[in-house]
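Listed here are the chains, written in short residue letters.
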Amino acid sequence: MAATTDTEHEEHTGTASRPPAVRRRPGPIARAVSFFGELLITAGLVLGLFVVYSLWWTNVVADRAAGRQADQVRDDWAHGRGGPGALDTKNGIGFLHVPAMSGSEVLVEKGTSNKILNDGVAGYYTDPVKATLPMSGKPGNFSLAAHRDGHGAKFHNIDKIEKGDPIIFETKDKWYVYKTYAILPETSKFNVKVLSNVPKESGRKKPGHYITLTTCTPVYTSTYRYVVWGELERVEKVDENRTPPKELG
Amino acid sequence: MGLVPWYDGRDGMYGWIWRHLPGNTWVKAVISLALVVAVVYVLFQYVFPWAEPLLPFNDVTVDNQ
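Just so it is clear, the model here is predicted, and its values are computed rather than measured. (Residues numbered from 1 in each chain as written. Chains lettered and ligands numbered in written order. Predicted model: local features only at pLDDT ≥ 70, side-chain atom pairs only at ≥ 80, totals over all residues.)

Draft legend 1. Highlighting the packing of helix H2 (residues 28–78) of chain A against helix H1 (residues 12–20) of chain B. At a minimum axis distance of 8 Å, the contact between H2 of chain A and H1 of chain B shows a crossing angle of 85°. Between H2 of chain A and H1 of chain B, the crossing angle belongs to the class labelled roughly perpendicular. Of the residues in H1 of chain B, those touching H2 of chain A at Ser-34, Phe-35 and Glu-38 of chain A are Gly-12, Met-13 and Tyr-14 of chain B. Class assignment for the residues of the contact of H2 of chain A with H1 of chain B results in three nonpolar, two polar and one charged. (Axes fitted to C-alpha atoms, helices over the stretch in contact; angles between N-to-C directions. Helix = DSSP H or I, 4+ residues; strand = E, 2+ residues; numbered from the N terminus. Parallel < 35°, antiparallel > 145°, perpendicular 65-115°, else oblique. Contact = placed C-beta atoms within 7 Å. Nonpolar A, V, L, I, M, F, W, Y, C, P; charged D, E, K, R; others polar.)

Draft legend 2. Structural context of the sheet that holds strand S2 (residues 106–110) of chain A. All names here are of chain A. Here we have eight strands rolled up into a closed barrel, ordered S1-S2-S3-S4-S7-S8-S6-S5, and mixed in their pairing. Ignoring strand direction, the axes of neighbouring strands in this sheet form an average angle of 30°. Sheet analysis places strand S1 (residues 94–97) next to S2, joined by three bridges and oriented antiparallel. Along S2, the bridge assignment pairs Gly-94 with Val-108. (Pairing = 2+ DSSP bridges.)

Draft legend 3. Highlighting the packing of H2 of chain A against helix H2 (residues 25–51) of chain B. Running from N to C, H2 of chain A and H2 of chain B point in directions that differ by 65°, and their axes come no closer than 11 Å. If you check the angle between H2 of chain A and H2 of chain B, you find them roughly perpendicular. Crossing geometry of H2 of chain A relative to H2 of chain B is assigned as right-handed. Every residue of H2 of chain B that contacts H2 of chain A at Val-46, Leu-49, Phe-50, Tyr-53 and Trp-57 of chain A is listed here: Val-40, Leu-43, Phe-44 and Phe-48 of chain B. Of the residues belonging to the contact of H2 of chain A with H2 of chain B, the class tally is nine nonpolar, no polar and no charged. (Left-handed = near helix turned anticlockwise from the far one by under 90°.)

Structure, rendered in structure tokens:
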């Protein structure tokens, strides 16, 4: 392509000054400049592909992985495996439903390492502050993290959650219905206090059953963290048809 | 001679590759396409997954570090 253009160019300009057949070798500076230019073009293409990878391909891969793992969990539940007696934390402990954020459910697994979260799931914290699982029945904070962009982007629309919106956690035999009561739109990534059993920044001073969602903000960066707090409103038993609570109806 | 084989050529790296591909224009075009697909595959499968954690775009947790 480049060669054709060059030849044409030479034919147009070359007729007056020199015979068109002569191919002038470019000087060392011209060669260095064109070599550098080609490197820049290549780098630009690679960076462009990286954006495509980050914002599209990782979602494809993550949604596939999350779908597979979610099917596994549902299958285990349907066949009576897992559950509170034999809590299998490897494949996920339940599903998060936040209608204000997304129409689809988010599988919840143990841990917040990239390896876990890159599968398009939400992870509950084991470090630096251990999350209290709602199934334990103890007061504490059920703290979760998920990606804002790429890798399933499960918490992409976290900013759509408003005070009073329901956050529902589904396990094998219980629906835990939380209600959003506080939002922290921007905090330092070192602010581990938001994960405390009693998250004081949310305004609560007494032990209770809390849920905390964390992700990065603003979108497409990870400069700060976005935090949403909810408090347990009620627990419903799952019936044989798995009828969802009225908030999800 | 320069640093790389195509450095001395007049049409750069991509021109050098094109001239060294066998066959007529159609064959060259098909091979080029296959090369592009192969490069994209290697980038998506190996290079980007390796590079991503090193870049500060996708940390979502709060921690002490």
